[in-house]
Amino acid sequence: MATEQPLPAPATMPGDQTRIHNIGYRSYDGPRLGRAYARRSLYSQSLRGAYGLGRSAKSKVLPMLLFVVMCLPAGIMVAVAVATKANDLPLDYTRYAIVLQAVISLYVASQAPQSVSRDLRFKTVPLYFSRPIETADYVRAKYAALASALFVLTAAPLLVLYVGALLAKLDFADQTKGFGQGLVSVALLSLLFAGLGLVVASVTPRRGFGIAAVIAVLTITYGAVSTLQAIADVQGSTSAVPWIGLFSPITLIDGVQSAFLGATSSFPGGTGPSTAEGAFYVLVTLGLIAGAYGLLMRRYKKVGL
């Protein structure tokens, strides 16, 4: 019986220089920072982006310009109060954001789409969720970042007014109380406007459409509500004026602060909601904030698939 002969080894080419190199790849053995770190990083990056920090010079122009526009009237009021030795500031702390609500609305309209529309347009949201970060982390980080940016925008001029009032030697207790009431008001405004702006902006990946939609929600509703309130006041239906104010974000804040923070109302006739009516304002405002958060969660559960 013939035995099998081993197969000859493959011939090696004379010039064969094949080598296997160890180029030093190794697994990561450092600390795993986890979801909390990722959430803080996303919050920080989104907050910086709301003022154009870390972005191009062109991206800084509008948010910084709006910030200056918000603070400039406060500086002028302080200068007038100091020069004339006035006994009080020309404008209450709680009224400042109401008077400059157009600037605030423009800021939300420009920065809410910037915060979320690019992620939708370039389909990068699923990449976030491929890391140790969940839908709730993304939504909370984006919501908190825009609300914080809005709070900086609206609280900075109040701080200018407060420091100026103290330099003008106005009553410390009275100014501190007004400053505190103003901070509560703008904190609530920041949460409400940030939630509404992000919900509207998250509907479309097109930034231009998002800007137009946010402006429509924040400004057209205010114009419509103010017109209806004026008509009701002229026709003698003054009891309907506070209830009409429930249908606009800025009049909601106006109603809450006039009912509970001692603010002067901008409603026709200068009469804001009563305490009982103010309770409805608080419930509607908190309901809109919670509803905006819920809608964002629902939206990004679908987007992240």
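Our structure is the block above this text.
Some points on the packing of aromatic side chains
Tallied over the full model, the rule gives seven aromatic pairs. Seen from their ring centres, Tyr-51 and Phe-67 are 6.2 Å apart, and the 85° between their planes marks the pair as edge-to-face. With Tyr-51 in the loop between helix H1 (34-49) and helix H2 (57-84) and Phe-67 in helix H2, this residue pair connects regions lying 16 residues apart in the sequence. Summarising the aromatic geometry, the rings of Trp-243 and Phe-280 are spaced 5.4 Å apart at their centres and angled 70° between planes, so their arrangement reads as edge-to-face. Residue Trp-243 is found in helix H9 (residues 240-244), and its partner Phe-280 is found in helix H11 (residues 275-303); the two are separated by 37 residues along the sequence. Using a relative accessible area of 36% as the deciding quantity, one classes Trp-243 as partly exposed.

Thoughts on the packing of H2 against helix H4 (residues 101-121)
In contact at an axis separation of 10 Å, H2 and H4 are set at 165° when each is read in the N-to-C sense. If you check the angle between H2 and H4, you find them roughly antiparallel. In this structure, H2 meets H4 at a crossing whose hand is left-handed. Residues Leu-62, Pro-63, Leu-66, Val-69 and Met-70 of H2 pack against Val-103, Ile-104, Leu-106, Tyr-107, Ser-110 and Gln-111 of H4. When the residues that make up the contact of H2 with H4 are grouped by side-chain class, the tally is nine nonpolar, two polar and no charged.

Some thoughts on the packing of helix H6 (residues 135-167) against H11
Describing two packed helices takes the angle between their axes plus the distance from one axis to the other. Where H6 contacts H11, the axes come no closer than 9 Å and their chain directions differ by 135°. Between H6 and H11, the angle is such that the two are oblique. In this structure, H6 crosses over H11, and the sense of that crossing is right-handed. Along its contact with H6, which presents Thr-135, Ala-136, Tyr-138, Val-139, Arg-140 and Tyr-143, the element H11 presents Ile-289, Ala-292, Tyr-293, Leu-296, Met-297, Tyr-300 and Lys-301.

Parameters and conventions
- Residues numbered from 1 in each chain as written.
- Predicted model: local features only at pLDDT ≥ 70, side-chain atom pairs only at ≥ 80, totals over all residues.
- Heavy atoms only, no water.
- Phe/Tyr/Trp six-rings, centres within 6.5 Å; stacked < 30°, edge-to-face > 60°.
- Helix = DSSP H or I, 4+ residues; strand = E, 2+ residues; numbered from the N terminus.
- Buried < 20%, exposed > 50% of the residue type's maximum accessible area, 1.4 Å probe, protein only.
- Axes fitted to C-alpha atoms, helices over the stretch in contact; angles between N-to-C directions.
- Parallel < 35°, antiparallel > 145°, perpendicular 65-115°, else oblique.
- Left-handed = near helix turned anticlockwise from the far one by under 90°.
- Contact = heavy atoms within 4.5 Å.
- Nonpolar A, V, L, I, M, F, W, Y, C, P; charged D, E, K, R; others polar.

Everything listed here is a matter of geometry and, on its own, says nothing about what the molecule does.
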